[in-house]
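Secondary and tertiary structure notes
Given next are the chains, with one letter for each unit.
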Protein chains: 2
Amino acid sequence: MSNIRKVAELAGVSVATVSRTLKMPERVSPLTRDRVLAAVEQAGYRPNLMAVQFRSRKTRNLVVLVPVIANVFFARVISGIQEAAQAFDYRVLLCDTLGREEVEVAYAELVRAHQADGVIQLRAFNPFSDAGSDGACMPPMVNACEVLDIPPCPTVRLDNRAAAREMTEHLLGLGHRRIGLIKGPQGSPLTRERIAGYEDALKAAGVDTDPALICRGNFTLQAGYDAAGQLLASPERPTAFFCENDEMAIGAIKRIREAGLRVPDDISVAGFDDIPFAAFCDPPLTTIAQPAEAFGRHAVEMLVAQFEQHSLEATHLVLPHQLIVRGSTAAVTQ
Amino acid sequence: MSNIRKVAELAGVSVATVSRTLKMPERVSPLTRDRVLAAVEQAGYRPNLMAVQFRSRKTRNLVVLVPVIANVFFARVISGIQEAAQAFDYRVLLCDTLGREEVEVAYAELVRAHQADGVIQLRAFNPFSDAGSDGACMPPMVNACEVLDIPPCPTVRLDNRAAAREMTEHLLGLGHRRIGLIKGPQGSPLTRERIAGYEDALKAAGVDTDPALICRGNFTLQAGYDAAGQLLASPERPTAFFCENDEMAIGAIKRIREAGLRVPDDISVAGFDDIPFAAFCDPPLTTIAQPAEAFGRHAVEMLVAQFEQHSLEATHLVLPHQLIVRGSTAAVTQ
DNA sequence: GTGAAAGCGCTAACAT
DNA sequence: ATGTTAGCGCTTTCAC
């Protein structure tokens, strides 16, 4: 492997000049530049990034912690992250954490180990808990999608409460009064917010909330299927199911059909996320669209701004959602 | 940030001893080891990975080139890659290439730039084309899923031809004679193999192949929808659609329904991949199951074996597939 | 078993 | 505009 010294010899200049030619060409005379570039070409020289990064104390790597990459929504977020990172000339170190905190901590440590410049965390967990909640010695991090309640760092999120409220209002508007809620995993702020929005809407409509209508899920098809089974078995069956993501909604629809009931005629089903499958389901799914790729892009932008000391116009971004009404929800029939 | 020298001073030993304590503890006396470890603790020392990697010329990074991470199948493969990489103490540099060759080349170059030790490429494209097809100066690479016809490197693949043949035989066995094929993007060997398998089966059954029955797709829901539209419009409508992935099959089902036809009563639909949605569709999708995560795991194993000079028992792995018959295919009705 | 010291390839301060 | 040089933090001979 040829190194900078070989190139310098070939071009008859010093290593400093080679380095400058590559990093700040304007500070080198055109003549020298041509000579150096020719030598670079001839030697087939490619800078050793390990050395560059080591020396300049910048890796241009970002650690991305994703709870489950096999989840369609997260896959889209990652896609946005990767796209933006590429545009800023950063690379993505991906970790599919499966929600295991020790794994998240270990990967986040890569920043302290000088293997990455910052972290994008897509789950509401601070992998730098030891840094003190004051954020005194917090490495650069951005929290996106499911964000911490009291964020020690910039966040990009949805107004989950408002979105859930809108969806619940949509269902109430169709005449539904018993609305089952299939929620996400325990302890997720995202789920807490959405429940709050659901309750806001019910309260505003003067409808009693019934804890029996709220079922735990975990964002998988199977969880939606199982939870729907529970709701169907409840003494006073709900006429609508609001699922906290589209996968669970699709799972729920399957279960409802197996019970010999029709969607939306007997039971309306709503999802959340608007994954591509939502539009192609039968019936097409009423859901809340989230700008998944935009979450990723903004997260990268905010993180890079942190590195490069740009002041952010906003450190807590809320991206817009949109209620998408399709065929899986309909007026309640008496 | 504390470095190895600080730790050495604290422990009253040389930097060499600190390094040895961390990398080959058995070569250090228990007493010294304790002293050093205590000093490491006290200093809050974490080795600078940039320096370690620079010095030892090993990054423990793997570049992964994925055509579309938002594709459920690939997301599962990535999940397997990430899991295995973690187990071997490697990190994953992810690139969602969207099939753009210049992006693939640029990322693959990270290996030559000493930023990664090897590449896992999930598409049939050699990003090191300049290395000479003899593979003389090919950096370590493993090709998985959609592999090159004449691979310059180890591969992990499915027997796509056999799988497609099996599926076609399944449809023929149900009495279908006009079987539409919705294929993947142009120029993909994967698609070529599957068409070959489809034709093998037809030929063996003495059924004429009809080029009009083969439609181009691109593995998206929309492509399946569109292609199904075309097939439905053909003068002699097929009684079965074989789609080269599940997304397109789900898109096709939607289109078929919109035409007022029933699946499988009027038209049988088969997919490929067995993504989680396949089982939750209506009707549940007949498909070919692929061990997606296993592709990822094996790819990592083979790549790591290359680095560490383990001889591989096989450099061209073929993983098993399985025909999964569900409700979307049925006997043709006269 | 431990230490001294060279040096990986590069950048950046300083000198010219 | 260009060259000289001192490291960055670590691993790894080579002595002892």
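The structure presented is a predicted model; accordingly, all values stated were derived computationally and were not measured. Within any chain, residue numbers begin from 1 and follow the written order of that chain's sequence. Chains carry letters from A onward and ligands carry numbers from 1 onward, assigned in written order. Given that this is a predicted model, residues contribute local features only at a pLDDT of at least 70 and side-chain atom pairs are listed and counted only at 80 or more, while totals for whole chains, interfaces and linings are drawn from all residues. To obtain the side-chain values, all non-hydrogen atoms of the structure were included, while hydrogens and water were left out.

Re the overall build of chain A
Applicable threshold: The helix and strand labels rest on DSSP assignments: H or I over at least four residues marks a helix, E over at least two residues marks a strand, and numbering proceeds from the N terminus. Restricting the calculation to C-alpha atoms gives the radius of gyration, and the globule rule supplies 2.2 Å times the number of residues raised to the power 0.38. Each residue's exposure class comes from its accessible area (1.4 Å probe, protein chains only) as a fraction of the maximum for that residue type: buried when under 20%, exposed when over 50%, partly exposed otherwise. Here, residues are in contact when the closest pair of their heavy atoms is within 4.5 Å. Per-residue and other accessible areas were derived by the Shrake-Rupley procedure at a 1.4 Å probe size, with only the shown protein chains allowed to occlude residues.
Secondary structure summary: chain A contains twelve helices and twelve strands in total. A compact globule built from 334 residues would reach a C-alpha radius of gyration of about 20 Å, whereas chain A, at 26 Å, exceeds it by more than 25%. When the backbone C-alpha atoms are referred to their principal axes, chain A occupies close to 90 × 40 × 35 Å. Taken across its 334 residues, chain A has 56% of its residues classed as buried. Taking contacts inside chain A between residues at least 6 apart in sequence as the whole, the part at least 24 apart equals 70%. Put simply, chain A shows about 13800 Å² of open surface, and 52% of that area lies on carbon and sulfur atoms.

What about the interface of chain A and chain B?
Heads up, the condition is: A simple way to read buried area is as the amount of 1.4 Å-probe accessible surface that goes missing from two parts once joined, with both sides added. Between Lys or Arg on one side and Asp or Glu on the other, a salt bridge is scored when a side-chain nitrogen of the former is within 4 Å of a carboxyl oxygen of the latter. Contacts described as polar in this section are N or O atom pairs within 3.5 Å, which, within protein, must combine one atom able to donate a hydrogen with one able to accept it, while residues neighboring in sequence count only if both atoms come from side chains.
Taken residue by residue, the interface counts 51 residues in chain A and 51 residues in chain B. Approximately 4500 Å² of surface area, both sides summed, lies buried where chain A meets chain B, with 65% of it carried by carbon and sulfur atoms. Taken together, the connections running from chain A to chain B amount to four salt bridges. Taken together, the connections running from chain A to chain B amount to 15 residue pairs in polar contact (both at pLDDT 80 or more).

Some remarks on the sheet that holds strand β6 (residues 179-182) of chain B
All names here are of chain B. Under the convention used in this document: At least two DSSP bridges between two strands are required for those strands to pair. Interaxial angle, 0 to 180 degrees, is taken between N-to-C directions of lines fitted to C-alpha atoms, where a helix line uses only the stretch in contact.
What the four strands build is an open sheet, ordered β7-β6-β8-β9; its pairing is parallel. The sheet is open, and its two edges are formed by β7 (214-215) and β9 (268-270), each paired on a single side. In the sheet, β6 pairs with β7 via two bridges, with the strands oriented parallel. Looking at β7, one finds that Leu 181 is bridged to Ile 214. Set on the sheet, helix α8 (residues 189-204) makes contact with β6, β7 and β8 (240-243); between it and β6 the angle comes to about 170 degrees. Contacting β6, β8 and β9, helix α10 (residues 246-258) runs over the sheet at an angle of about 150 degrees to β8.

Details of the UniProt feature "transmembrane region" (unreviewed entry) in chain A
Quick reminder of the rule: UniProt positions are given in the numbering used here, feature names are shortened, and annotations may be inferred rather than shown by experiment.
The UniProt feature table records "transmembrane region" (unreviewed entry) at residues 62-81 of chain A. Helix and strand shares over residues 62-81 of chain A are 50% and 25% respectively, and the end C-alpha atoms of the span are 10 Å apart.

Quick look at the protein's contact with DNA strand D
The line we're drawing: When at least one non-hydrogen atom of a residue lies within 4 Å of a molecule or strand, that residue is treated as near it.
In the region of DNA strand D, 26 residues are neighbours, and A:Thr32, A:Arg55, A:Arg57, B:Ile4 and B:Tyr45 sit closest. Per the 4 Å cut-off to the protein, sugar and phosphate atoms form 59% of the nearby atoms of DNA strand D. At a separation of 2.8 Å, a base nitrogen of DNA strand D approaches a polar side-chain atom of A:Arg20. B:Lys23 places a side-chain nitrogen or oxygen 3.1 Å from a phosphate oxygen of DNA strand D.

Observations regarding the pattern of salt bridges
Scanning the model with the defined rule gives 40 salt bridges over all chains in all. Residue B:Arg297 is joined to B:Glu83 by a salt bridge in which the shortest nitrogen-to-oxygen separation is 4.0 Å. With B:Arg297 in helix α12 (residues 292-307) and B:Glu83 in helix α5 (residues 72-87), this pair connects stretches of sequence that are 214 residues apart. In this structure, B:Asp149 engages B:Arg192 in a salt bridge whose closest nitrogen and oxygen atoms are separated by 3.0 Å. Here B:Asp149 is found in the loop between β4 (141-144) and β5 (155-158), whereas its partner B:Arg192 is found in helix α8, with 43 residues between them in sequence. Look at B:Asp149 and you get exposed, because its relative accessible area is 51%. Three or more residues joined by partner-sharing salt bridges are found here, namely A:Arg257, A:Asp282, B:Arg257 and B:Asp282.

Structural notes on the relation of the copies chain A and chain B
To keep it simple, the criterion reads: In this comparison the copies share one frame, found by least squares on the C-alpha atoms of residues holding pLDDT of at least 70 in both.
With an RMSD of 0.1 Å, the fit of chain A onto chain B corresponds to turning through 180 degrees and sliding 0.0 Å along the axis. With respect to symmetry, the two chain copies, as superposed, fit the operation of a two-fold axis. Every residue of chain A has its C-alpha some distance from the rotation axis, and the shortest such distance is that of A:Leu93, at 2.3 Å. Both copies share a contact surface, since 100% of the interface residues of chain A are interface residues in chain B too.

Quick look at the pairing of strand β4 (residues 141-144) of chain A
All names here are of chain A. Residue alternation in β4 divides its side chains into two sets, Met 141 and Asn 143 and Val 142 and Ala 144, and both sets are buried. When strand β3 (residues 118-121) meets β4, the two strands line up parallel, connected through three bridges. Each residue of the ladder has a partner; that of Val 119, found in β4, is Met 141. Bridge analysis of β4 against strand β5 (residues 155-158) gives two bridges, and the strand direction is parallel. The partner of Asn 143 across the bridge, within β5, is Thr 155.

Description of the environment of A:Leu232
Residues and elements named next belong to chain A. Within the element layout of this structure, Leu 232 appears in helix α9 (residues 221-233). Here the alpha-carbon distance between Leu 232 and Ile 256, two residues 24 residues apart in the chain, equals 7.7 Å. In contact with Leu 232, not counting residues within four places along its chain, are Arg 237, Phe 241, Arg 255, Ile 256, Ala 259, Leu 261 and Ile 267.

What about the protein's contact with DNA strand C?
Filter applied, for reference: Three categories are distinguished: nonpolar for Ala, Val, Leu, Ile, Met, Phe, Trp, Tyr, Cys and Pro, charged for Asp, Glu, Lys and Arg, and polar for the others, with Gly belonging to the last.
In the neighbourhood of DNA strand C, 25 residues make up the surrounding shell, with A:Ile4, B:Thr17, B:Thr32, B:Arg55 and B:Arg57 lying closest. Across the atoms of DNA strand C situated within 4 Å of the protein, the share located in sugar and phosphate is 62%. Between a phosphate oxygen of DNA strand C and a side-chain N or O atom of A:Tyr45, the distance comes to 2.5 Å. B:Thr17 places a polar side-chain atom, nitrogen or oxygen, 2.5 Å from a phosphate oxygen of DNA strand C. For the surface near DNA strand C, the secondary structure elements donating two or more residues are α2 (15-23) and α4 (49-56) of chain A together with α2 (15-23) and α4 (49-56) of chain B. Considering only residue class, the surface near DNA strand C consists of eleven nonpolar, eight polar and six charged.

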